[in-house]
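# Residue-level structural notes
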Amino acid sequence: MQPNPPKTPRAILDAQGVTKSFGAVQALRGASLRVGAGEIVALMGANGAGKSTLVKILTGALRHDAGTITIKDRPVRFASPAAARRAGLVPVYQEPALIPDLDVGQNLRLGATPVAPFRHWVDALGVTGLRMDDAIGHLPLATLRILDLARALAMEPDVLMLDEMTAALPTDLVDNVLRVMRGQADAGRAVIYISHRFPEIARICDRATVLRDGVTVGDLPIVPGVEEEVVELMLGQRMTPAVAATGRSAAKGTARLSVAGLSLGSKLAEVSFDLHAGEVLGVVALEGQGQDELFEVLAGFRRAGSGRISVDGTPVAFRHPADAIAAGLTFVPGNRADALAMGRSVRENIALPGFAAPRRWGPIAMQAEATRIGAAIDRLQIDTRAQGEVRRLSGGNQQKVTIGRWIAHGVQTLLLFDPTRGIDVRTKRQIYELCRDLAAQGAAVLYYTSELAEVPQACDRAIVIFGGRVVAEMPAAEATEAALLRAAYGLAVAT
Amino acid sequence: MTTGTVQAPFARIGRLLRDYPIIALLVLLVALIVLLQILNPGIINQRWIGNTIKFAIPLAMLAACQTFTMYTGGIDLSAAAVATITAFVMATQVPHLGDAAGIALALVPAVLIGLLNGFGVGICRVHPLIMTLGSGLIGIGCLQVYQRSTIATGSAIPPVLEWLGTGRTFWLPNGLWLFVPFAALMLFIQRRTGFGRLLYAVGANEGAARLSGLRTWQLYFALYTLSALIAGLTGLLYAGIIRTTSLSLVEPLLLPSVAAAVIGGTSIFGGRGSYAGTIVGALILTVLGTLLTLLQMPEGGRQIIFGGIILAVTAIYMRLTETG
Amino acid sequence: MSGWLRRNGWVAALAFAFAALLVATKIIQPGFGASGLESLARAALPFAFATAAMAVVVIAGGIDLTVAAVMAVAGVTSAVLMRDWGVAGTVPAVIVVLALGAVIGAINGAAIVLSRAPDIVVTLAMMYVWQGMALLILNGPGGTATPWLREVILGGVPIPGLRWLPQAAVVLAFALALVWLPLKRSRPGLSLYAIGSDQTAAFRSGVAIGPTKVLAYAVSGLFAAMGGLTLTLSTGVGEPIPGPYLLAAVAAVVLGGVALTGGVGGILGPIIAVLILRLLRLDLTLLSVDPNVTTIIEGTIMAVVVMIGGLLAIRRKRA
């Protein structure tokens, strides 16, 4: 609101040249962050930039290798989160640090939080009707985030750190949070605000510190139009313009996968769409809008409450992933660690689905297997220098293994859940091309992505889910980031 | 700053140990034998070697139960009970039914306990350690009831089992006629069959295996039934070696069987290991047993040493996987 | 109110089941009275302590397979000390044994924290270590128990009108309350629940995971030592071979409403569960079922309880 103060005020938190390695991987190579009294600083960086490592070091969850961190000019080196709290730095995470099996009062006692200020902040943040003996496990996530924040505020910290805590928070609560944060800063505290949401950052932050590849690459005052500069800094290069998608109209005839009126508790409401052979259908949604549940239902991990799924016109009901696979629906989950046997070889990981059925438990034709897997590895250009253990591969190559597993066994319908999360640009391109290739060969691909810019590059068509409903559908040519974002926020799409 | 790292010598040795545990194990085995020879010169001869192998065989077979269940992150603490039950039922049924039918019948309770374990672990998702501990105790309880009903009928060990258990070909024990094909089969299963691949995969990441279409309960049923059958086979051989049966015949081999698998480099957390290592582990423990007897170590001390070995080896492997 | 019921409904149901079982026992055996209650309480005593020991650790998200072995160590140690130190040395002997239990438990906890291996593996290894230790202390049943101390868990409360109440039950309630109630109300006690419920959230809330874990195992060791001590008192000798307390404790903990996944439940539920399981055994004996068959039935009940507990945990996760 009062951007770009002429001179940075007295630093409350000052981290300079912080480094941290995990084995051979250097996560931080010189990260710096300076927050003065009365300032709100946005900490920004793409996935894998080292943001979370820096957060962990500042909050005492990890210890840094080199560099200095001072709080109010006193050098600190936290041995634990408790030590960081004592020094006056209190974090609030996207995942609330509250114990699900204890009630509110017990959680406060656990953290030695004074009750009266806590109550004050809960009221100020707009949560009503809270009882101290409410069990945490029975409260909605949005309330928990507010409680976690109120607890942090009650500690009267010198430095407050918010890590993506407004994600999927209702708008009115977000407003309250932003207002309270500004108030904290005006009261002379320092606030570190970690978020991907430019509108929020523009509203309350004074400066943005940008990390890339473990180094602080920029520290900019927030002024109108700074977004482009920040994005450039985060990416290290100009964003490539969207590759023109083929934009073919959807195939006619029976859909490969047809979903009609799918509902699941409060997560999915009457979701319907068709996915045709030869098509890549993008799915866009903000975090927690029901996309996880949709993919889990389609992959056979959970059953829908009501609705119908048909494959090639035949109704199907999945009780287990094996049923979905039998119907040709193969799933690549968002978290690679969920899909891979990390300690086993590339070959074993790719070959895995071939042994699932008991009649395939017998002897393996080793030569044939080697040929088949070699072909899949070649097609995906998997870097096989470290193929003894998938654990030792890069994230991009790991992702290729999870996709390659299905390619080696013949793809009919591929369900990709955010396949490019946290992987390098080159591999991302390869994955887009792969999707296009698969579609050209007659496969159908359902492609959820958290990066809106990917839609025109990989997809033919996109649907947008908001609050468990399909709120928009558009061909790739119209799927600009602005259009998708408007729809993803539940705003009407201009037609 | 570069991203290159200097690996501590410990880490390098650690990786070697993890990737080729069998080399380190063989070194350890030879070291123990040398130590034995120093402590008691002249003890190492053909007869001693034959005896060591003879007693290592049932241990290595029982340890196969642990090795295979550990691939999936499990364990089979009912193995000794199953072996004991099989041996006891066989010995008491052979006088009635003849050799072949008696042996076949004796394997029925083994299969039943294996199915029970598979049900508990695969369907009810009880931790294998608790499940197999419980099923073993239930099994022994049933055996006690059975014993009272057959107290008068006497028992007999079929000649073929005595030949396997006590006979020698040249100076080598006849048990090898059973064990060599057995070990070859186990190594084949773990390396060259879909079943073996799935065991490792489930141990490394059960979710990934399910994602790949595996109905894990099917695998657990098959695994624990296989384990119980191996235990039953071990019980039959052991009855041939000891030439009698009792209600706690194979019980003393349970803890060493776990230790043999762990020492042999099989991760108790699943996803890693080899039966080859287990075989060497069984030999090491047998030699260690001789050594402890020589040192007149009481039973309590042995248990402490075995427990300590399991703990130490697990902790070391834990560190190795973290640094690797 | 609904909160109270939600949290304590299962305990109430167990208490009701126990009462119903008592009535059934009275029907089977009309002579069942104060002496029956007394022998039930005395037989249940070591099981109850074993269960309490297991419950503390399970609440903290772990599992302690050493319970029976630690009981054996405490049992033989107390028998040897009471034999060697005589009547005068009885009180110091008790203190030494209880301290030993806490130290053993702390060693278990420290081994878990330092090795970073799962609880179940470390305590499996330590189980053999402590079993071996018990055998080293006493190679076979031996030692003695001081007579006046034995009488503490014998008979009814020597107060008119309360003679039906077994002393063993009073000892149990007193010992558990003395340790558990202050603990549960304190911050370390909350920390036990916290690390069992959600280790990451606990860590971020500033709970020291390692020390809390060690504390859980130390308390567990203390309860196990009480169990071993009462075992020696009720039999009069120290027995180095561990009794059937491990699986029984796991079953009672599960039956008592403590989730094996941690963070949920208390100690009262498991204790009532122990009484139910013991009373069931008594009833089977009264119905003149072969003791070996009784063992099988008991084992089966425990296995079934654990399996149902597993199924419930799956359902809870899906819900």
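Cut-offs used in this document
- Residues numbered from 1 in each chain as written.
- Chains lettered and ligands numbered in written order.
- Predicted model: local features only at pLDDT ≥ 70, side-chain atom pairs only at ≥ 80, totals over all residues.
- Heavy atoms only, no water.
- Helix = DSSP H or I, 4+ residues; strand = E, 2+ residues; numbered from the N terminus.
- Rg over C-alpha atoms; globule rule 2.2 N^0.38 Å.
- Contact = heavy atoms within 4.5 Å.
- Buried area = accessible area lost by both parts, 1.4 Å probe.
- Salt bridge = Lys/Arg side-chain N within 4 Å of Asp/Glu carboxyl O.
- Polar contact = N/O pair within 3.5 Å; in protein donor to acceptor, adjacent residues only side chain to side chain.
- Nonpolar A, V, L, I, M, F, W, Y, C, P; charged D, E, K, R; others polar.
- Pairing = 2+ DSSP bridges.
- Core = buried A, V, L, I, M, F, W, Y, C linked by side-chain atoms within 4.5 Å.
- Buried < 20%, exposed > 50% of the residue type's maximum accessible area, 1.4 Å probe, protein only.
- Domains from an automatic or database assignment.
- Axes fitted to C-alpha atoms, helices over the stretch in contact; angles between N-to-C directions.
- Expected span 1.5 Å × (residues − 1).
- Parallel < 35°, antiparallel > 145°, perpendicular 65-115°, else oblique.
- Left-handed = near helix turned anticlockwise from the far one by under 90°.
- Patch = residues over 30% accessible without salt bridge, like charges linked within 9 Å, V, L, I, M, F, W, Y side chains within 5 Å.
- Areas by Shrake-Rupley, 256 points an atom, 1.4 Å probe, with all protein chains shown as cover.
- Bend = angle between axes of the 7 residues up to and from the residue.
- Disulfide = S-S within 2.5 Å.
- Phe/Tyr/Trp six-rings, centres within 6.5 Å; stacked < 30°, edge-to-face > 60°.

### Considering the overall build of chain A
- The number of helices and strands found in chain A is 17 helices and 20 strands.
- Relative to a compact globule of 495 residues, whose C-alpha radius of gyration would be 23 Å, chain A shows 24 Å and is just as compact.
- When the backbone C-alpha atoms are referred to their principal axes, chain A occupies close to 65 × 50 × 45 Å.
- Excluding contacts between residues fewer than 6 apart, the proportion of contacts in chain A whose partners are at least 24 apart in sequence is 67%.

### Thoughts on the interface of chain A and chain B
- Counting residues at the interface gives 36 residues for chain A, matched by 33 residues for chain B.
- Across the chain A to chain B interface the summed buried area is about 2,900 Å²; carbon plus sulfur atoms make up 61%.
- Contact with chain B buries area across many residues of chain A, yet A:Arg344, A:Leu352 and A:Trp361 alone supply 22% of it, more than any other trio.
- At the surface where chain A touches chain B, the tally comes to two salt bridges.
- Where A:Asp323 meets B:Arg215, a salt bridge forms, and the shortest distance between an N and an O atom there is 2.8 Å.
- Put simply, chain A and chain B have 11 residue pairs in polar contact (both at pLDDT 80 or more) between them.
- Looking at the side of chain A that touches chain B, the element that brings in the most residues is helix α10 (residues 321-326) of chain A, giving four residues.
- Taken together, the residues that form the side of chain A that touches chain B break down as 22 nonpolar, four polar and 10 charged.

### Re the pairing of strand β10 (residues 215-221) of chain A
All names here are of chain A.
- In this sheet, β10 lies alongside strand β9 (residues 207-212) in antiparallel orientation, the contact comprising six bridges. Bridge pairing in β10 places Arg 207 opposite Pro 221.
- Between β9 and β10, which follow one another and run antiparallel, lie two residues, and Asp 213 among them has a positive phi close to 50°.

### Remarks on the nonpolar core
- Ranked by internal contacts, the top residues of the largest apolar core, which has 267 residues, are A:Tyr447, B:Tyr275 and C:Phe223.
- Among the elements that line this core, the one with the most residues is helix α2 (residues 34-59) of chain C, at 16 residues.
- Inspection of this core shows a minimum of three residues originating in each of domain 1 (11-235) and domain 2 (257-488) of chain A.
- Residues A:Met44, A:Val92, A:Ile201 and A:Val231 belong to the second largest nonpolar core, which totals 50 residues.

### Re the pattern of salt bridges
Residue and element names in this part refer to chain A.
- Scanning the model with the defined rule gives 26 salt bridges over all chains in all.
- The salt bridge involving Asp 175 is made with Arg 203; its shortest N-O contact spans 3.1 Å. Residue Asp 175 is found in helix α6 (residues 171-186), and its partner Arg 203 is found in helix α7 (residues 198-204); the two are separated by 28 residues along the sequence.
- A relative accessible area of 32% means that Asp 175 is categorised as partly exposed.

### Structural notes on the sheet that holds strand β12 (residues 268-275) of chain A
Residue and element names in this part refer to chain A.
- Within the open sheet, the four strands sit side by side as β12-β11-β14-β15. Their pairing is antiparallel. On the outer flanks of this sheet lie β12 and β15 (314-316), each paired with one strand and no other. Across the sheet, the mean angle from the axis of one strand to that of its neighbour is 25°, orientation sign disregarded.
- Across five bridges, the pairing between strand β11 (residues 257-264) and strand β14 (residues 306-311) is antiparallel. Bridging across to β14, Ser 258 finds its partner in Ser 310.
- Against the sheet, helix α9 (residues 291-298) engages β11, β12 and β14, with an angle of about 125° to β11.

### Thoughts on the interface of chain C and chain B
- Residue-level contacts link 36 residues of chain C with 40 residues of chain B.
- Between chain C and chain B, roughly 3,100 Å² of surface is buried when both sides are summed, and carbon and sulfur atoms account for 80% of that area.
- It is C:Arg116, C:Tyr128 and C:Met307 in chain C that bury the most area against chain B; as a group they hold 20% of the surface buried on that side.
- Along the contact surface separating chain C from chain B lie one salt bridge.

### Here's the deal with the side chain of A:Arg182
Residue and element names in this part refer to chain A.
- Tracing the chain through its elements places Arg 182 in helix α6.
- On the basis of relative accessibility, which here comes to 9%, the residue Arg 182 falls in the buried class.
- A polar contact of 3.4 Å, which involves the side chain of Arg 182, links it to the side chain of Asp 206.

### Some remarks on helix α14 (residues 395-407) of chain A
All names here are of chain A.
- If you check α14, its first and last C-alpha atoms are 18 Å apart, about what 13 residues at 1.5 Å a residue would give, namely 18 Å.
- The buried count for α14 comes to 12 of 13 residues, which makes it a mostly enclosed element.
- Along α14, the positions that sit buried rather than exposed are Gly 396, Asn 397, Gln 398, Gln 399, Lys 400, Val 401, Thr 402, Ile 403, Gly 404, Arg 405, Trp 406 and Ile 407.

### Focus on the packing of helix α13 (residues 366-380) of chain A against α14(A)
Residues and elements named next belong to chain A.
- Interhelical geometry of α13 versus α14 gives an angle of 130° and a closest axis separation of 9 Å. Accordingly, the angle class assigned to the pair α13 and α14 is oblique. The way α13 lies across α14 gives a crossing that is right-handed. Where α13 approaches α14, its residues Ala 376, Arg 379 and Leu 380 are matched on the opposing element by Lys 400, Ile 403, Gly 404 and Ile 407.
- Residues that form the contact of α13 with α14 fall into these classes: four nonpolar, one polar and two charged.

### With respect to the environment of A:Arg308
- Among the structural elements, A:Arg308 can be located in strand β14.
- Considered as a pair, A:Arg308 and A:Ser263 are 45 residues apart in the sequence and their alpha carbons are 9.3 Å apart.

### Brief notes about the sheet that holds strand β20 (residues 469-475) of chain A
Residue and element names in this part refer to chain A.
- Spatially, six strands are ordered β16-β17-β18-β13-β19-β20 in an open sheet, and the strand pairing comes out mixed. Each edge of the open sheet carries a strand with a single partner, namely β16 (329-332) and β20. Strand-to-strand twist in this sheet, taken as the mean axis angle between neighbours without regard to direction, amounts to 20°.
- Where strand β19 (residues 461-466) meets β20, six bridges bridge the pair, whose relative direction is antiparallel. Paired with Ile 465 across the bridge in β20 is Val 470.
- The strands touched by α9 are β13 (280-284), β16, β17 (413-417), β18 (444-449) and β19; relative to β17, the strand with the most contacts, the crossing angle is about 150°.

### Thoughts on a nonpolar patch on the surface
Residue and element names in this part refer to chain B.
- Nonpolar side chains collect at one region of the surface, where Leu 97, Leu 105, Val 108, Leu 112 and Leu 115 lie side by side and expose about 410 Å² of accessible area between them.
- The biggest single contributor to the nonpolar patch is helix α5 (residues 99-123), with four residues.
- Within the secondary structure, Leu 115 sits in helix α5.
- Owing to a relative accessible area of 35%, Leu 115 belongs among the partly exposed residues under this scheme.

### Quick word on the pairing of β9(A)
Residue and element names in this part refer to chain A.
- Here β9 lies mainly inside the structure; five of its six residues are buried.
- Here strand β3 (residues 40-45) pairs with β9 via five bridges, running parallel. Bridged to Ala 42 within β9 is Ala 208.

### With respect to helix α4 (residues 79-97) of chain B
Residue and element names in this part refer to chain B.
- For α4, built from 19 residues, the straight-helix expectation of 27 Å at 1.5 Å per residue is met to within 8% by its first-to-last C-alpha distance of 25 Å.
- The principal kink in α4, of about 25°, is found at Ala 91, preceding the proline Pro 95 by one to four residues.
- Burial runs high along α4: 16 of the 19 residues are buried.
- Immediately downstream of α4, the backbone of Gly 98 shows phi near 90°, a positive value.

### Structural notes on the state of the cysteines
- As enumerated under the stated definition, the model contains zero disulfides over all chains in all.
- As a non-bridged cysteine, A:Cys435 has A:Cys459 as the owner of its nearest cysteine sulfur, 7.4 Å distant.
- Of the residues examined, A:Cys435 reaches a relative accessible area of 2% and is grouped as buried.
- With no disulfide of its own, B:Cys124 lies 18 Å from the sulfur of B:Cys142, the closest cysteine sulfur.
- Judged by its relative accessible area of 2%, B:Cys124 falls in the buried class.

### Quick notes on the packing of aromatic side chains
All names here are of chain B.
- Taken as a whole and assessed by the stated rule, the structure comprises 14 aromatic pairs over all chains.
- Where Phe 68 meets Tyr 71, the ring centres are 5.3 Å apart and the plane angle is 40°; that geometry is what we call tilted. With Phe 68 and Tyr 71 both in helix α3 (residues 46-71) and three residues apart, this pair spans about one turn of that helix. Tyr 71 carries the same exposure label as Phe 68, and that label is buried.
- With a centroid separation of 6.0 Å and an interplanar angle of 90°, the aromatic rings of Trp 217 and Phe 221 are classed as edge-to-face. Highlighted residues: Trp 217 and Phe 221, both in helix α11 (residues 216-242), separated by four residues, approximately one helical turn.

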